[in-house]
Amino acid sequence: MTKWPTAGLGFGGDYNPEQWSPDVWDEDVRLMTEAGVNIVTLGVFSWGALEVADGVFEWAWLDRVIDLLHRNGISVDLATPIASPPAWLHAAHPGILPVNADMTQRRPGARDGWCANSATFRRYALRMTKELARRYAAHPAVVLWHVGNELGGGNGRCYCDESVTAFRAWLRERYGSLDNLNRAWGTAFWGLYLTDWSHVPAPRGGETHNPALMLDYDRFCSDSLLEHFRAEHVVIREFAPTTPITTNFMVGPHQDVVDYPHWADHVDVVANDHYTNPSDPLSAQDIAFCADRVRGMTPGRGPWLLMEHSVSAHAWYPVNRAKAPRELIRDSLGHIARGADGALFFQWRASLRGAEQFLQGMVPHAGPDSKIGREVRELGAVLARLADVRGSTVERARVAVLFDNEAGWAFSRGLKPHKGLGYGDEPRAWHRALWTRNVLADVVSPWADLSTYDLVIVPTLFLVHDECAARVASVAQRGGVVVVTWMSGIVDPENAVRPGGYPAAFRDLLGVRSEEFFPLQPGERGRLDSGATFHSWSELMDVTDAEIIARYAGGAVAGGPALTCRAVGSGTAYYVSCALEPASLDEFVGQVLDDAGIEPSGGGAGLDVVRREKDRTVWVFALNHGDEDRCVTVQGVELVTGEAVDHELVVPGHEVRVVRQTR
Amino acid sequence: MTKWPTAGLGFGGDYNPEQWSPDVWDEDVRLMTEAGVNIVTLGVFSWGALEVADGVFEWAWLDRVIDLLHRNGISVDLATPIASPPAWLHAAHPGILPVNADMTQRRPGARDGWCANSATFRRYALRMTKELARRYAAHPAVVLWHVGNELGGGNGRCYCDESVTAFRAWLRERYGSLDNLNRAWGTAFWGLYLTDWSHVPAPRGGETHNPALMLDYDRFCSDSLLEHFRAEHVVIREFAPTTPITTNFMVGPHQDVVDYPHWADHVDVVANDHYTNPSDPLSAQDIAFCADRVRGMTPGRGPWLLMEHSVSAHAWYPVNRAKAPRELIRDSLGHIARGADGALFFQWRASLRGAEQFLQGMVPHAGPDSKIGREVRELGAVLARLADVRGSTVERARVAVLFDNEAGWAFSRGLKPHKGLGYGDEPRAWHRALWTRNVLADVVSPWADLSTYDLVIVPTLFLVHDECAARVASVAQRGGVVVVTWMSGIVDPENAVRPGGYPAAFRDLLGVRSEEFFPLQPGERGRLDSGATFHSWSELMDVTDAEIIARYAGGAVAGGPALTCRAVGSGTAYYVSCALEPASLDEFVGQVLDDAGIEPSGGGAGLDVVRREKDRTVWVFALNHGDEDRCVTVQGVELVTGEAVDHELVVPGHEVRVVRQTR
Amino acid sequence: MTKWPTAGLGFGGDYNPEQWSPDVWDEDVRLMTEAGVNIVTLGVFSWGALEVADGVFEWAWLDRVIDLLHRNGISVDLATPIASPPAWLHAAHPGILPVNADMTQRRPGARDGWCANSATFRRYALRMTKELARRYAAHPAVVLWHVGNELGGGNGRCYCDESVTAFRAWLRERYGSLDNLNRAWGTAFWGLYLTDWSHVPAPRGGETHNPALMLDYDRFCSDSLLEHFRAEHVVIREFAPTTPITTNFMVGPHQDVVDYPHWADHVDVVANDHYTNPSDPLSAQDIAFCADRVRGMTPGRGPWLLMEHSVSAHAWYPVNRAKAPRELIRDSLGHIARGADGALFFQWRASLRGAEQFLQGMVPHAGPDSKIGREVRELGAVLARLADVRGSTVERARVAVLFDNEAGWAFSRGLKPHKGLGYGDEPRAWHRALWTRNVLADVVSPWADLSTYDLVIVPTLFLVHDECAARVASVAQRGGVVVVTWMSGIVDPENAVRPGGYPAAFRDLLGVRSEEFFPLQPGERGRLDSGATFHSWSELMDVTDAEIIARYAGGAVAGGPALTCRAVGSGTAYYVSCALEPASLDEFVGQVLDDAGIEPSGGGAGLDVVRREKDRTVWVFALNHGDEDRCVTVQGVELVTGEAVDHELVVPGHEVRVVRQTR
């Protein structure tokens, strides 16, 4: 029904003209044109500027801005401005502000000051959206709708009474009866016998709550925010029958605040915000991992939109290093190489005032004549030369890494064998080993179709459905390779431990039975008899029907199996019972790739090569994240420099090259 | 009046059949019988399963479980199920939930959701207890009553208005008049002149409260919980005239949440819960220290019951390592060697659901065919062979270490010279030096009779009564050896500094006068001219009548006395003004033991040997906490292996041996 | 109008006789006389002892104490006892207790339990003050009035509704209209469009508030407390037409809780409390820095009073080391050398009870026969010999270091490029480099007259007015040397970023333009091509009209300018774009001093020499903070030892010498 919002690749950013006087608007549009900007996001924080009092709307300024942009050929991604309810709304209805787990209520003055379960907020928000859609849906500049902003970013969990009432209704729908709920949650433990729906607690306060309750609250909160999105979608669709409607996800290296893979079916374009962490020495791999995650949740692995990233320094980290020269360009093209059909920034012009005054913009504090200004213009020019990439798909990945928000939520809350672990750490560690070897992976949900993959990695998939376990087993049955790690298959969807030995859901597939966990203290390291080293985790296990590849070489479990391998059907299933350190993990991945018959798709040490394909055209993206020049064997036309490449392409340190080939 | 609940040594654990279907109950009883279980604790979290609505009781399931156990020869320790008020009670009376110091109220959903000063809670709890006692007091399976669970574990301090009103009444009783209170607390400081009992503050909020107020609040809270225990005791005793009634203490290496040595007079059996800390490399010594503490507070140093410990991994630590092979057996017998007449676990069958789903059970997640299952059965068999040990006493200790909860509370709260110190650290350090040399010590209260000890150690006994100081002095007078350390005798029972120079209460005994404290920064280390090293603490002091053993070798107090010794009567009194590091402390303890004429009671490096005695029989427990085999000279029958020992017993690494001798 | 309260230098401390029985008062006065005490502060915590019930006053005990002191020639600094409202006032009006940012209300039981914006508190406080002034203003012993205690120390920010209403009125006064406020705060960002004064938020809760709002709240809170001081001043002045009235500041090494340089115009005597930090290895320089700050805010750089410091151990630090021998004397004279005309302590006699029971006194716990007692008496004797110093001024400093509370507040709150930095760190680092070379500096406010300085250092002056920037530029124009560091001149007084490149306010003066910040991670270090090293900060910058002294030698900004220098008028302006490590900073300061033609004023390595001057007399203070003896060339009479000095004075390690010379 809907079409991609831009003709070529999208390029632009959030534009907040309300912060500037109209004379600056003219300069802005001139600079946008110079930079090749073709789309900007308007209105994210404009509620108070549009509805100046309850039911009193002022459109003149926005009319003028949209017309100005349109006259200059710049399209608009129009946001419903619900991220920041106006001060008058908070004053009239303070109850819409979210309540924290400790039962303190949030205060006006920042953003995200609303509860997704507030009927009052819903009423005001939908009225605002309706008036906005009514006025602008037909405007030819408006090519995309943008519901709210990073939904759940600051209001992902609300514990107000209205939310708890909605939670109880949600539970009633899910469980049907209190008997079912009592059984599923195991309320006999600690004597929480529920005899009335109105007694069902929320995970409020500092209490040590039931893990099933906590997981259900996470699910409920995701559903509440999705319901808000869908309500806005209906309102907009009434006026805009074909324009795509989206909202910006925040897919990062750990479990998401809401369950995006389930949301993806409800947006017309999957859009993501991604910010690199200046203290992460591997931010390029973080980009690859997150982009592989977003692609993995995009229906048909089709194109998605990078809705926000940063030109340089962020403002929210403890230490906000600016980006090094060329990092801006490399980061943007890193997303595009992995499936983004546009690269937008937050924000166009850096603010001088307000909370994020030190977050740089495409027009930075220093002005357009600056490192940032020059790289923005250069990027715009490159993207124009890559216009045809739009609509192409990323080459088929032969490897899948399973990643699940419910597993992450369950893994990260409550009393656990090791409370210092982050859910995304192990998936990202396995992805890094693949990325280092230039092997492309899709990071997909447990319910994804795994039938096309030659290698499936299941890292710390704590919670697993029987269906997923069966699907993983079938990969090996049909000749593929499966790797399952520690802390996988431990609990079922009710967050109840699967009995009989770990990793219960995969025990038969792997031919192992683990009895007990021996997590390591922070800083502690262990060793296998193969020489491999590990951190964080080890297990007391035995094999029932598997070959032992390596044994523990010390500690309480010395002599016990650590890494195992089992022939399954025409394939293989590995179990990794400890958290291998990077060098050992890299080596192990090398063996597994050999086993699966997978070769790197190009590049070599330090060069990240990914292909995008459309019909008979292939674009080879080569990103050099290191200091040294790197080479890749490829033929075609290099689109950044415009030069023909006969055989070998040299990619200078820190640079990106894109070669167009015809098959 | 009451008798020990089991014929031989108690063996079993908490049993929560409500979490399982009745078909599992049959398997449970079969496995219990196989393992030699003779007692289980029932009902701890069963309130909601027994009183399903206000005043509506359902007994059928519990009748059935008790009968099933009884038919199979397993006794019952029946708990009053007040640890978790039912959801309907919280819904009807949310005011019974405790209020934290920051004035947030606790939330339903976990355990311990009640205030000991709530009249409403008291009414409901005593009705439940009465109905339970009425129904089961006469049942032959019920051999022990168990009031609540770890009283004060989650509700040790409540700051609700009802509690504060009770606190004021408690103070009125204690002080008689506001004039006395103003004087004792020194309210002139910071101008807190109290003119009305209703103005007396509680230590609420983040304020820097008066230290005397804080200590009195600690005392009051202990008394409130004890009063609850005693009220339940009265109700049960009405129906069960001779069955022993207890509650499970939580005696650990630091000051307790309530003042157990004072509670010990009110329970019919002293029972303790003890969990090793997986990050503690000396958990065997922790067990010894805590067991020596429990024995020290048991009237007549008589037997006590280990009511809970863990088969393996706990759930509440940041990193919950499972126990190494043999650790389960060694830990249990470690408690029994030091006076426990039973070793019970939490819990029988590991839960799959609920907050503690990762705390293992005697039937672990992996099932009975597992390391845990095998060691549980082996332990049961060993305990059966040790049945006669029941009722024996631990050999007389020649050393006493003073330990006091009031001293610990005063030491650990408020503005202090060094706020990073834990009260139990120094007592445990001295105990460790004794334990390493296999010298048995009683860890006793300051009001204990010290007349039988040859060596009395007074480590950081911050608060001290005149009577205690006199009792310590008399030890030296009659020829014993006394060691007093820094931060002892500093304040009186009103938590007021004793003037005239530190350690005031012991100044005359020691012949020293300390003027000022020079605590060290974390990580800082100091040295004495004897080569000894210290951490955390040093002092500027002088001797008035003592020999200087070592002087400070650097820093602001260089040249000043550090360790001193004074001949007192026919004995000796040492003062240690700094916190000696382990090696230096060990060496110093060696000298002191020589001085006191105390030899190790057996064993040697790495072997922990303790004797239990009854009439003419002696059981020699030898615990090997190391990897290497160790020997001890002993004759008799070894009860674990069943072999006779002529002269030398070899105890393999990680194992325990128990030799029965006849004197 | 007012005159200095003591004939010679002030010597004494806080005296709290309410904590002691009258027989102790007689001993106190005897010991004071022995020690040479000439002034004590009375009444700080006496409200409840004076107004024993609402409107019921009891003066007898205070009459007696003042008369006793007067008879013994000891003057009184009489405090209005508002630091601790009596318990009956809190009970009757709990609303006067401050509310924290998280909206929890403070609790009775400690001090500072009042909100400066509470009309109720103001009424009670002024009545108490009026009654006190009425009774004692004419008493000949009362030579100084002391309003409250460390105003704002515990109640510097209150977020109660009454405060927020006052804040809105304050804003209305400041901005005139909401349009102005919306513009100044940039409320368009995050959509905080204010349409009604009653909607203006306070920086409550954990929200990420607007930085301009936060800064204005800091300013408002300072003004509220000042308004309270001024209201009390009016009341006292009515009865005491000529007695000086003061309050004790808390000037330390970082921004103050209230804006003291602005308060200084409103007190008759500038008085400061200073406590050394036992974990600071350079506490002597901390004293110098803070004393230079206090002198810098004293009108005419005239004398000020050290109202409180400590004889030895403090009570509020995590680890409270006592002072080393001689440290007491050195610290006191360190303040006097830098302009204090008196050195008072908190407190006379160490408390045995109450929150600060471990804070030592001039009569310590060990009694007067002690290290502290002896040094107090020795100090009293030395101060008596220095009586003529009173009224002299500190020699003229040729160096100024700019320091501003508003800059510090803005620097330290909200989202910043590096959130781990303390505002005072860099000013103190530059001061330390000067102090190490024995070069005296005034630490002054940005609005100070800079016309007499040869070198002006502008360290991390984040917020700057145009007028200040112009004044700094004029220093260079007229031939002086100016050093500006990173993070200076970044925002204007509205806390809005100055655009066009950093450090915007000083860009033209320095001839540089910095585009982006590259803060370093904690523990990270960088290097310049000059060999200098730096931490915490670096920048991507270019020179527009300056000489490059050193370039970055690595990292993302390698090759870029780091240190620059520009000839301006007849002077020079340096820019330091990174945080130099101590050794590199010392070396750089050496060059800058050479450039400015400034030589050390005496001393040498390790000897701190400062002169005070009156008419033709000069007192040369020489403080030796090291272990080794040090020499200084000087002639005159040494007043500590009483010996004549011909040419060279030897100052033994840890000692102070004061030579009186005549010019």
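Definitions and limits used
Residues numbered from 1 in each chain as written. Chains lettered and ligands numbered in written order. Predicted model: local features only at pLDDT ≥ 70, side-chain atom pairs only at ≥ 80, totals over all residues. Heavy atoms only, no water. Contact = heavy atoms within 4.5 Å. Buried area = accessible area lost by both parts, 1.4 Å probe. Salt bridge = Lys/Arg side-chain N within 4 Å of Asp/Glu carboxyl O. Helix = DSSP H or I, 4+ residues; strand = E, 2+ residues; numbered from the N terminus. Nonpolar A, V, L, I, M, F, W, Y, C, P; charged D, E, K, R; others polar. Polar contact = N/O pair within 3.5 Å; in protein donor to acceptor, adjacent residues only side chain to side chain. Expected span 1.5 Å × (residues − 1). Buried < 20%, exposed > 50% of the residue type's maximum accessible area, 1.4 Å probe, protein only. Arc of directions from axis to C-beta. Axes fitted to C-alpha atoms, helices over the stretch in contact; angles between N-to-C directions. Parallel < 35°, antiparallel > 145°, perpendicular 65-115°, else oblique. Left-handed = near helix turned anticlockwise from the far one by under 90°. Core = buried A, V, L, I, M, F, W, Y, C linked by side-chain atoms within 4.5 Å. Pairing = 2+ DSSP bridges. Least-squares fit on C-alpha atoms with pLDDT ≥ 70 in both.

1. Things to note about the interface of chain B and chain A
Logical step 1: Between chain B and chain A, the residue contacts involve 50 residues of the former and 52 residues of the latter.
Logical step 2: Both sides together, the interface formed by chain B and chain A hides about 4200 Å², and carbon and sulfur atoms give 59% of it.
Logical step 3: Area buried by chain B at its contact with chain A is led by Arg 107, Arg 353 and Phe 358 of chain B, which between them contribute 18% of it.
Logical step 4: If you look at where chain B meets chain A, you find 3 salt bridges.
Logical step 5: Here Arg 106 of chain B makes a salt bridge to Glu 207 of chain A, at a shortest N to O gap of 2.9 Å.
Logical step 6: Put simply, the parts of the chain that give the side of chain B that touches chain A at least two residues each are α2 (47–50), α4 (87–92) and α12 (371–385) of chain B.
Logical step 7: The residue inventory of the side of chain B that touches chain A, partitioned by class, reads 25 nonpolar, 14 polar and 11 charged.

2. A few points about the interface of chain A and chain C
Logical step 1: In this complex, chain A contributes 50 residues to the contact, which on the side of chain C involves 51 residues.
Logical step 2: Interface of chain A and chain C: buried area, both sides summed, is about 4200 Å²; carbon and sulfur atoms make up 60% of it.
Logical step 3: A per-residue breakdown of the area chain A buries against chain C is headed by Arg 107, Arg 353 and Phe 358 of chain A, which together make up 18% of the total.
Logical step 4: Linking chain A to chain C there are 3 salt bridges.
Logical step 5: The interface formed by chain A and chain C includes 21 residue pairs in polar contact (both at pLDDT 80 or more).
Logical step 6: When residues of the side of chain A that touches chain C are traced back to their parent elements, those giving at least two are α2 (47–50), α4 (87–92) and α12 (371–385) of chain A.

3. Structural notes on helix α15 (residues 466–477) of chain C
Three or four residues apart is the spacing at which side chains of an α-helix point the same way, because the helix has 3.6 residues per turn.
All names here are of chain C.
Logical step 1: The end-to-end C-alpha separation of α15 is 16 Å, in line with the 16 Å expected for 12 residues at 1.5 Å each.
Logical step 2: Along α15, the residues that are buried comprise Cys 468, Ala 469, Val 472, Val 475 and Ala 476. Buried residues of α15, viewed axially, fall in a sector of 110°; they line one side.
Logical step 3: Against the buried residues of α15 lie β13 (399–402), β15 (455–458), β16 (481–485), α16 (507–510), β22 (561–568) and β23 (571–576).
Logical step 4: Positive backbone phi, approximately 105°, marks Gly 479, located one or two places after α15.

4. Considering the packing of helix α8 (residues 211–239) of chain B against helix α13 (residues 405–412) of chain B
All names here are of chain B.
Logical step 1: Interhelical geometry of α8 versus α13 gives an angle of 140° and a closest axis separation of 9 Å. Between α8 and α13, the angle is such that the two are oblique. For the element pair α8 and α13, the recorded crossing hand is right-handed. Residues Leu 215, Asp 218, Arg 219 and Ser 222 of α8 pack against Glu 406, Trp 409 and Ala 410 of α13.
Logical step 2: Tallied by class, residues from the contact of α8 with α13 come to 3 nonpolar, 1 polar and 3 charged.

5. Let's talk about the pattern of salt bridges
Logical step 1: Evaluated as defined, the whole model comprises 118 salt bridges over all chains.
Logical step 2: In this structure, Glu 494 of chain C and Arg 183 of chain C form a salt bridge, with 2.9 Å as the shortest nitrogen-oxygen distance. With Glu 494 of chain C in the loop between β16 and α16 and Arg 183 of chain C in helix α7 (residues 178–185), this residue pair connects regions lying 311 residues apart in the sequence.
Logical step 3: Note on Glu 494 of chain C: relative accessible area 24%, which makes it partly exposed.
Logical step 4: Taking the relative accessible area as the measure of exposure, Arg 183 of chain C reaches 45% and is therefore partly exposed.
Logical step 5: A salt bridge links Arg 413 of chain C to Asp 218 of chain C, with the shortest nitrogen-to-oxygen separation between them at 2.5 Å. Within this pair, whereas Arg 413 of chain C is found in the loop between α13 (405–412) and α14 (425–436), its partner Asp 218 of chain C is found in helix α8 (residues 211–239), the two being separated by 195 residues in sequence.
Logical step 6: Through salt bridges that share partners, Asp 292, Arg 295, Arg 301, Arg 338, Asp 442 and Asp 608 of chain A make up one connected network.

6. Considerations on the nonpolar core
Logical step 1: In this structure, Leu 455 and Leu 528 of chain A together with Leu 42, Leu 69 and Trp 145 of chain B are the most contacted members of the largest nonpolar core, which totals 182 residues.
Logical step 2: Counting residues per element, this core draws most heavily on helix α5 (residues 119–136) of chain B, at 7 residues.
Logical step 3: Once residues lying within four places of it in the same chain are set aside, the contact partners of Leu 528 of chain A are Phe 534, Ala 550, Arg 551, Tyr 552, Ala 553, Ala 562, Leu 563, Cys 578 and Leu 580 of chain A.

7. Considering the sheet that holds strand β1 (residues 10–15) of chain C
All names here are of chain C.
Logical step 1: Read from one edge to the other, the open sheet built from 9 strands follows the order β7-β6-β5-β2-β1-β11-β10-β9-β8, with strand pairing classed as parallel. For this open sheet the edge positions go to β7 (245–246) and β8 (248–249), each flanked by a neighbour on one side alone.
Logical step 2: Of the strand pairs in this sheet, strand β10 (residues 304–308) and strand β11 (residues 340–345) are connected by 2 bridges, and their pairing is parallel. Bridge assignment links Leu 306 to a residue of β11, and that residue is Ala 343.
Logical step 3: Of the strands in this sheet, β5 (75–80) and β6 (142–147) are in contact with helix α5 (residues 119–136), which crosses β5 at around 160°.
Logical step 4: The strands touched by helix α12 (residues 371–385) are β1 and β11; relative to β1, the strand with the most contacts, the crossing angle is about 140°.

8. Notes on the relation of the copies chain A and chain C
Logical step 1: When chain A is brought onto chain C, the operation consists of a screw motion whose angular component is 120° and whose axial shift is 0.0 Å, with 0.0 Å RMSD remaining. Those values place the two copies in the arrangement expected of a three-fold rotation axis. Among all residues of chain A, the one whose C-alpha sits closest to the rotation axis is Thr 104 of chain A, at a distance of 5.4 Å.

9. Describing the sheet that holds β13 of chain C
Residue and element names in this part refer to chain C.
Logical step 1: The sheet built from 7 strands is open, its strands ordered β14-β13-β15-β16-β23-β22-β21 with mixed pairing. Strands at the two margins of the open sheet, each flanked by one partner only, are β14 (441–444) and β21 (547–551). Each strand axis lies, on average, 15° off the axis of its neighbour in the sheet, ignoring direction.
Logical step 2: As defined by bridge partners, β13 adjoins β14 across 4 bridges and the pair is classed as parallel. Bridging from a neighbouring strand, Ala 400 pairs with Asp 442 of β14.

10. Some thoughts on helix α1 (residues 22–35) of chain B
All names here are of chain B.
Logical step 1: The end-to-end C-alpha distance of α1, which contains 14 residues, comes to 20 Å, matching closely the 20 Å that a straight helix rising 1.5 Å per residue would cover.
Logical step 2: Within α1, burial applies to Val 24, Trp 25, Asp 28, Val 29, Leu 31, Met 32 and Ala 35. One side of α1 carries all its buried residues, which in axial view fall inside an arc of 165°.
Logical step 3: Of the surrounding secondary structure, the elements contacted by the buried residues of α1 are β1 (10–15), β2 (39–42), α3 (60–71) and α12.

11. Describing the side chain of Arg 157 of chain B
Residue and element names in this part refer to chain B.
Logical step 1: Along the chain, Arg 157 turns up in the loop between β6 (142–147) and α6 (161–175).
Logical step 2: Within the local environment of Arg 157, its side chain forms a polar contact with the side chain of Asp 218, the two groups lying 2.8 Å apart.
Logical step 3: Looking at Arg 157, its side chain comes within polar contact range of the main-chain oxygen of Val 257, at 3.1 Å.
Logical step 4: In this structure Arg 157 touches Val 99, Asp 218, Cys 221, Val 257, Trp 409 and Arg 413, once residues within four positions along its chain are discounted.

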